[in-house]
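Structural features, examined
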Amino acid sequence: MDHFLSADAIRTRFSQAMSAMYQQEVPQYGTLMELVQQVNARCLADNPALHARLEAADELSRLNLERHGAIRVGTAQELATLRQMFAVMGMAPVGYYDLSQAGVPVHSTAFRPVSDEALRRNPFRIFTSLLRLELIDDIPLREKAAAILAQRDIFTPRCRALMAQHQQQGGLSEADADAFVHEALETFRWHALSTVDSADYQALSQQHRLIADVVCFPGCHINHLTPRTLDIDRVQALMPDYGIDPKAVIEGPPRREVPILLRQTSFKALEEPVIFQQGETGTHTARFGEIEQRGAALTPKGRALYDRLLAEAGTGTDNQQHQRRLSEVFRAFPDDERSLREQQLAWFSYRLSEQGAAQPPQSGESAGALVEQGRLIADPIIYEDFLPVSAAGIFQSNLGDKAQARSAGNASRADFEAALGAPVQDEMALYEARQRQSLARCGVSEA
Ligand code: OOG
Ligand code: NI
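Every value quoted in this text rests on a predicted model; they were computed, and no experiment measured them. (Residues numbered from 1 in each chain as written. Chains lettered and ligands numbered in written order. Predicted model: local features only at pLDDT ≥ 70, side-chain atom pairs only at ≥ 80, totals over all residues.)

**Re the overall build of the protein**
Helices and strands together make up the secondary structure of the protein, namely 19 helices and 12 strands. For a compact globule of 447 residues, the expected C-alpha radius of gyration is about 22 Å, and the protein comes in at 23 Å, within 12% of that figure. Taken over 447 residues, the protein has a buried fraction of 42%. In the protein, 74% of the contacts between residues at least 6 apart in sequence involve partners at least 24 apart. (Helix = DSSP H or I, 4+ residues; strand = E, 2+ residues; numbered from the N terminus. Rg over C-alpha atoms; globule rule 2.2 N^0.38 Å. Buried ≥ 20, exposed ≤ 12 C-beta atoms within 10 Å, placed from the backbone. Contact = placed C-beta atoms within 7 Å.)

Following this line, the structure appears as structure tokens:
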């Protein structure tokens, strides 16, 4: 076994290689990374307690690394092969997201590490969307798109061979893993040379710009990467000073004492030159940069409250106004760890304090009472997944004014899983298990 490089190490090498490639391809993304680093450094300098906490958790060295990226694919075979590819890096499909509700003809999952250990080492995820060709209502165009997709292979032969080798051996040597990362990168590289002529591109783009993005290129280019920021409001405010055009509003919950779920914002996708078949030239808008700030994972009860308040707050076009409105509406969402725990709105991971180790829990003692006595420490579990309303907002910000609302929204998790060739894991079950296991490790049976 030990002559194989660990899946966690392969994932880290892959995410670093992808970052280097993307900064070269999209220089503005490099500028965003610099801005994020400066804001993070400033936050740490201004907040010694935060600095100490991150240092203790061994997080400082990984602070400015990417936390996620996103891709879009066209066929079941592509999705199923990606599942194999990401399995080599210890990433499994978690969650099902139906974006058709929001007028985006895709459904999605997140490939991500699952265990506490793997998440701590490197939580890098890839939000992966599958185009739903059945939502193109022009039948000849739908068939043309399917025919174009059937002709491409987005994986190199060597990448396929290394995935097969990984399946046979149960791992890859360091040299093979490096070759694998190198080959896998080819799948996500940008190609300015389109596989179609300008007329086909226009026809597909008129149906939906995302359809053209998925169908008209020889690979599934990475469309954004997302580092972690310690102060998303500040980065949003500073973007224009750095020549970066941010999307109108920060998605997700408002700024809070105890952060919950996920806040995200991005810069608008750049218009890039493309060469079509027959040599015509044009432009394509797909690639951008994003930042994220994560907080506590919510229980089904907490999530229902979040969804209700988010809908009540609505959305706006001015970020400051939108954030004020969100903050007002979210007064109904308790903002201290104790209430979140006692009202079972968020998931927690428990550990024994020194006092708790000296006086271990007895059967019948509840977690709540043990925390009150200082024998048990409860830390919020960080949300590792995505939010469909936020994801739709990110998609929409890049679709221009012409974004059509497509009401054909009908979730089809079964179709997605059939294409993937496996079920997606239920994220709530994963959080629940992590909370339960942490209690069991402390010898506590009652939450
Ligand atoms: C994915 C958009 C969703 C997120 O962070 O919610 C996403 C895409 O544009 O392909 O990445
Ligand atoms: Ni994203």
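**Here we look at the pairing of strand β9 (residues 281-285)**
Where strand β8 (residues 271-277) lies against β9, 5 bridges are found, and the strand directions are antiparallel. Each bridged residue has a counterpart across the sheet, and for I275 the counterpart in β9 is T281. Linking two consecutive strands that pair antiparallel, namely β8 and β9, is a turn of 3 residues; a positive phi of about 70° is found at Q278 within it. (Pairing = 2+ DSSP bridges.)

**Here's the deal with the sheet that holds strand β1 (residues 66-73)**
Strands sit in the order β2-β3-β4-β1-β6 across an open sheet of 5 strands; the sheet is mixed. Where the open sheet ends on each side, the last strands, each with one partner, are β2 (92-98) and β6 (224-227). Sheet twist, expressed as the mean angle between neighbouring strand axes with direction ignored, is 20°. Pairing between β2 and strand β3 (residues 106-112): 5 bridges, direction antiparallel. Within the sheet, the bridge partner assigned to A92 lies in β3 and is R112. (Axes fitted to C-alpha atoms, helices over the stretch in contact; angles between N-to-C directions.)

**Details of the site of ligand 1**
All residues in the neighbourhood of ligand 1 are listed as A70, R72, F127, S129, N223, Q264, E290, F386, S390, A391, I394 and F395. Going through the elements one at a time, β1, β4 (125-131) and α17 (388-397) are the ones with two or more residues in the shell around ligand 1. Per-element accounting of the shell around ligand 1 gives the leading share, 4 residues, to α17. Looking at the shell around ligand 1 residue by residue, the classes come out as 6 nonpolar, 4 polar and 2 charged. (Near = placed C-beta within 6 Å. Nonpolar A, V, L, I, M, F, W, Y, C, P; charged D, E, K, R; others polar.)

**Quick look at the nonpolar core**
Among the nonpolar cores identified, the biggest contains 108 residues, and I211 and A346 are the most heavily contacted of them. Sorting elements by how many residues they give to this core places helix α2 (residues 27-46) first, with 6 residues. Every residue in contact with I211, bar those within four places of it in the chain, is listed here: P105, L131, I136, A145 and L204. (Core = buried A, V, L, I, M, F, W, Y, C linked by C-beta atoms within 7 Å.)

**Thoughts on the confidence of the model for the protein**
Predicted confidence across the protein gives a mean pLDDT of 94, with 97% of residues reaching 70 or more. Reported confidence for the predicted complex is 0.99 by ipTM and 0.96 by pTM. (pLDDT = per-residue confidence, 0-100.)

**Examining the sheet that holds β8**
Across the sheet, 3 strands lie side by side as β5-β8-β9; this open sheet has mixed pairing. What marks the edges here is a single partner per strand, and that holds for β5 (193-197) and β9. Neighbouring strand axes in the sheet, compared pairwise and without regard to direction, differ in orientation by 50° on average. Sheet analysis places β5 next to β8, joined by 2 bridges and oriented parallel. Looking across to β8, one finds that L193 is bridged to I275.

**Some words on the environment of H322**
The residue H322 is located in helix α13 (residues 319-329) in this model. Looking at H322, the number of C-beta atoms within 10 Å reads 19, which means it is partly exposed. In sequence terms H322 and P254 are 68 residues apart; their C-alpha atoms lie 9.0 Å from each other. For H322, the contacting residues outside a window of four places in its chain are V249, T315 and G316.

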